[in-house]
Amino acid sequence: MSVAQAEIEKIAELARIRIADSEISTVTERISSILEMVDQMQAVNTAAVEPMANPLDASQRLRADKVTESDQREQFQQLAPLVEDGLYLVPRVID
Amino acid sequence: MQHASVASLLAGLRAGEFSSEEITCDYLSRISEHEGQLNAFITLTSEQALEQARAADQQRAAGQAGALAGIPLVHKDIFCTSGTRTSCGSRMLDNFVPPYDATVVSRLRQAGVVMLGKTNMDEFAMGSSTESSYYGATRNPWDTESVPGGSSGGSAVVVAAGFAPAATGTDTGGSIRQPAALCGISGIKPTYGRVSRLGMVAFASSLDQAGPLARTAQDCALLLSAMAGYDPADSTSAQRDAEDFSAGLEQAISGLKIGIPAEYFSAGLDSGIAAVIQTSLKEFAQRGAILVDISLPHTALSVPAYYVIAPAEASTNLSRYDGVRYGYRCEDPADLHDLYTRTREEGFGAEVKRRILVGTYALSAGYYDAYYRKAQQIRRLIQQDFVQAFTDVDVIMGPTTPHPAWKLGAKSNDPVAMYLEDIYTLGINLAGLPAMSVPAGFCSGMPVGLQLIGNYFAESKLLNIAHQYQQWTDWHQRTPTLPAAA
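Computed from a predicted structure; not experimentally measured.

Peer 1: How should the overall build of chain B be read in this particular structure?
Peer 2: A tally of helices and strands in chain B yields 15 helices and 11 strands. A globule of 486 residues ought to have a C-alpha radius of gyration of about 23 Å, and chain B, at 21 Å, matches this closely. Its C-alpha atoms give chain B principal-axis dimensions of roughly 65 × 55 × 45 Å. Relative to its full complement of 486 residues, chain B shows a buried share of 66%.

Here it is in structure tokens:
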């Protein structure tokens, strides 16, 4: 199925990816070609088929609710682009 | 020496014929001579490698050598390595130095391996040619104008070019088997859950699985024995006891029932590859195996189902790259929205963005049932095809890829053409089964891979069959002649 450019713009906004104006038509065209290929699925009757999320049909394991990790905050903060007083900095959200 | 197997190097190290430091130096000098033509590495760790090699030699002298002590190895740059940059082939992680080791890395380190470096790959493992890396394309040593396959292309090239005897890789839709096939080496994707995913940068969590690439099935068995095993820190790790995958290598294969899926030999398969695979199958039959015609009727649907499920999971996993906690951040963001959208525009390459967008689309309101749920239902049908087949046969065989390695750039502008190259490997990931590729001959001068698909947790059987095949063939011993360094 082919997708309208406006729809790609909406999806890009949901995915928080900026697409330059000069690229939007190429991106739309390539994604349309992928979705056309994917549409082969619609010809198959799957009414009675149970969806499969995990290849071993495993469910999430639970563990005891106790602390197993040590505090590595300082080490993790060293990886961040911008920190101050142990906080991650982003542009001001509320004036 | 540069094309020696892990098994023979271990024998030489044990017998004191050479030290780990000596062979590590030899590999490093071969790398420095030829890496410029192949671009197999993102990061070389020569200094650390020599330190690790000397440590391995000391451990061996002290009688404390691990199972793989002193064996040089490379890791795909998707595995977190404490203190060594782990880029995943992306600008997004170009500056990321992990604070911990992936379980695969720590297990192999405990076994005594020497890490020579981190290998090139398609960005976030999304690709079949190793051309989408931020660090440039890797080239196939059999023809440096051709792709090596992907996404573990750097790892496959390292082994094929004799830069190291072994490598780690990951396989979400064929990313170990396909580059192994295109570069003329052996590689195994284990059953989903067999090898821990902890510290492996996530792409599609219900499909991702790590495994080894090496010259021989015997070497794959040695490496997998060290890599595999239950890891409580990976919630999808299979709760199974450790296994010695080398133990059953010598079992006879007479009476083996080999399923031959009609769908893997239909239109779209290169006639040269078909001929190579038919020859291999005949050889199995001559040695007492029984060839059984089978059908995997939903094979063609594995491409659309995969290209919904994998992008959907990727769009979720890659939402973590937001320019805040680690990785790339755009310059001078005007506001928070600009920070997110521009960081992701600039940090991700074209293919990764395409997959995030396709995945976001498939999961968005109004499309979930038509795409994501539908793909999961088809995934079940694909799995049932295999389950049905394994009620009658011990192993399934066919080609790993429909074509030999193609020229650099030939499919770069046509994502769907690139996706169709994965037709014989995707279904195995969707079903979660183990499979491997072994060298089986040549087509137009380029290597061809024979794919062996096993039942759940039947890695020992696969490795046994592949090892036996490598007793009567020498395709795994063929090596490319590298052009003289410029």
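Peer 1: What is the right way to look at a nonpolar patch on the surface in this model?
Peer 2: All names here are of chain A. On the surface, a nonpolar cluster with roughly 230 Å² of combined accessible area is contributed by Phe 76, Val 83 and Tyr 88. Mapping Phe 76 onto the fold places it in helix α3 (residues 73-77). Overall, the relative accessible area of 35% leaves Phe 76 in the partly exposed class.

Peer 1: What should I look at first to understand helix α15 (residues 459-472) of chain B in this one?
Peer 2: Within an α-helix, residues lying three or four positions from one another point in the same direction, as the helix has 3.6 residues per turn. Residue and element names in this part refer to chain B. The terminal C-alpha atoms of α15, which comprises 14 residues, lie 21 Å apart, in line with the 20 Å expected from a rise of 1.5 Å per residue. Counting buried positions along α15 yields 11 of 14 residues, so the element is predominantly enclosed. Structurally, α15 contributes buried residues whose contacts are with β5 (186-189), α7 (217-227), α8 (271-286), β9 (395-399), β10 (435-443) and β11 (446-453).

Peer 1: In this structure, what is going on with the packing of aromatic side chains? I would like to understand it.
Peer 2: Aromatic rings considered in pairs are described by the distance between their centres and by the relative angle of their planes. All names here are of chain B. Inspection of the entire model under this criterion finds 19 aromatic pairs over all chains. When the ring of Tyr 321 is compared with that of Phe 348, the centres are 6.2 Å apart and the planes differ by 85°; the resulting orientation is edge-to-face. Residue Tyr 321 is found in the loop between α9 (302-317) and α10 (336-347), and its partner Phe 348 is found in the loop between α10 and α11 (350-363); the two are separated by 27 residues along the sequence. Both residues of the pair, Tyr 321 and Phe 348, count as buried. For the pair Tyr 361 and Tyr 371, a centre-to-centre distance of 5.6 Å together with 70° between the ring planes defines the contact as edge-to-face. Taken together, the residues Tyr 361 in helix α11 and Tyr 371 in helix α12 (residues 369-389) connect sequence positions 10 residues apart. No difference in accessibility class separates Tyr 361 from Tyr 371, as the two residues are buried. Through a chain of ring-to-ring contacts, the aromatic side chains of Phe 96, Phe 124, Tyr 321, Tyr 326 and Phe 348 assemble into a single cluster. Here Arg 240 stacks its cationic end above the ring of Phe 457, 3.9 Å away from the centre of that ring. The residue whose ring lies beneath Lys 411 is Trp 406, and the NZ or CZ to ring-centre distance is 5.2 Å.

Peer 1: Sorry if this is basic, but what is going on with the nonpolar core here?
Peer 2: Residue and element names in this part refer to chain B. Formed by 165 residues in total, the largest nonpolar core has its most connected members in Leu 68, Phe 124, Phe 386, Met 436 and Leu 452. Top element by residues in this core is α9. It accounts for nine residues. Not counting residues up to four positions away in its chain, the partners in contact with Leu 452 are Val 395, Ile 396, Met 397, Pro 434, Ala 435, Met 436, Val 438, Leu 462, Ile 465 and Ala 466. Ranked by size, the runner-up nonpolar core spans seven residues in total, among them Ala 181, Leu 182, Met 418 and Met 446.

Peer 1: Where do I start with the interface of chain B and chain A in this structure?
Peer 2: Often, the extent of an interface is quoted as the loss of accessible area upon association of its parts. Facing 67 residues of chain B, the contacting portion of chain A comprises 49 residues. Counting each side, the surface lost to burial between chain B and chain A is near 5,300 Å², with a carbon and sulfur contribution of 66%. Summed over the three residues of chain B that lose the most area to chain A, namely Leu 357, Tyr 361 and Arg 380 of chain B, the buried surface amounts to 13% of that side. The interface formed by chain B and chain A contains two salt bridges. Across the pair Arg 18 of chain A and Glu 345 of chain B runs a salt bridge whose closest N-O atoms are separated by 2.7 Å. Summed over the shared surface of chain B and chain A, the result is 22 residue pairs in polar contact (both at pLDDT 80 or more).

Peer 1: I tried to follow the pattern of salt bridges on my own but got confused; where do I start?
Peer 2: Where charged atoms from two side chains of opposite charge approach closely, those side chains can pair. Enumeration over the complete set of coordinates arrives at 21 salt bridges over all chains. Salt bridges linked by common partners bring Arg 194, Glu 243 and Glu 459 of chain B together as one network.

Peer 1: What am I meant to see in the confidence of the model for chain B here?
Peer 2: Summarising the model, chain B shows a mean pLDDT of 97, and 100% of its residues fall at 70 or more. Here the predicted complex scores 0.97 on pTM and 0.95 on ipTM.

Peer 1: Teacher, can you tell me more about the pairing of strand β2 (residues 72-76) of chain B here?
Peer 2: Residue and element names in this part refer to chain B. Taking burial as the measure, the five residues of β2 include five buried ones, the bulk of the element. Bridge count for β2 against strand β3 (residues 114-119) is five bridges, and the pairing is parallel. Note that in β3 the partner of Lys 76 across the bridge is Thr 119. One crossover worth recording links β2 to the parallel β3 by way of helix α4 (residues 103-110), and it is right-handed.

What counts as what
Residues numbered from 1 in each chain as written. Chains lettered and ligands numbered in written order. Predicted model: local features only at pLDDT ≥ 70, side-chain atom pairs only at ≥ 80, totals over all residues. Heavy atoms only, no water. Helix = DSSP H or I, 4+ residues; strand = E, 2+ residues; numbered from the N terminus. Rg over C-alpha atoms; globule rule 2.2 N^0.38 Å. Buried < 20%, exposed > 50% of the residue type's maximum accessible area, 1.4 Å probe, protein only. Patch = residues over 30% accessible without salt bridge, like charges linked within 9 Å, V, L, I, M, F, W, Y side chains within 5 Å. Areas by Shrake-Rupley, 256 points an atom, 1.4 Å probe, with all protein chains shown as cover. Salt bridge = Lys/Arg side-chain N within 4 Å of Asp/Glu carboxyl O. Expected span 1.5 Å × (residues − 1). Contact = heavy atoms within 4.5 Å. Phe/Tyr/Trp six-rings, centres within 6.5 Å; stacked < 30°, edge-to-face > 60°. Lys NZ or Arg CZ within 6 Å of the ring centre and 35° of its normal. Core = buried A, V, L, I, M, F, W, Y, C linked by side-chain atoms within 4.5 Å. Buried area = accessible area lost by both parts, 1.4 Å probe. Polar contact = N/O pair within 3.5 Å; in protein donor to acceptor, adjacent residues only side chain to side chain. pLDDT = per-residue confidence, 0-100. Pairing = 2+ DSSP bridges. Right-handed = clockwise from strand over helix to strand, strands pointing away.

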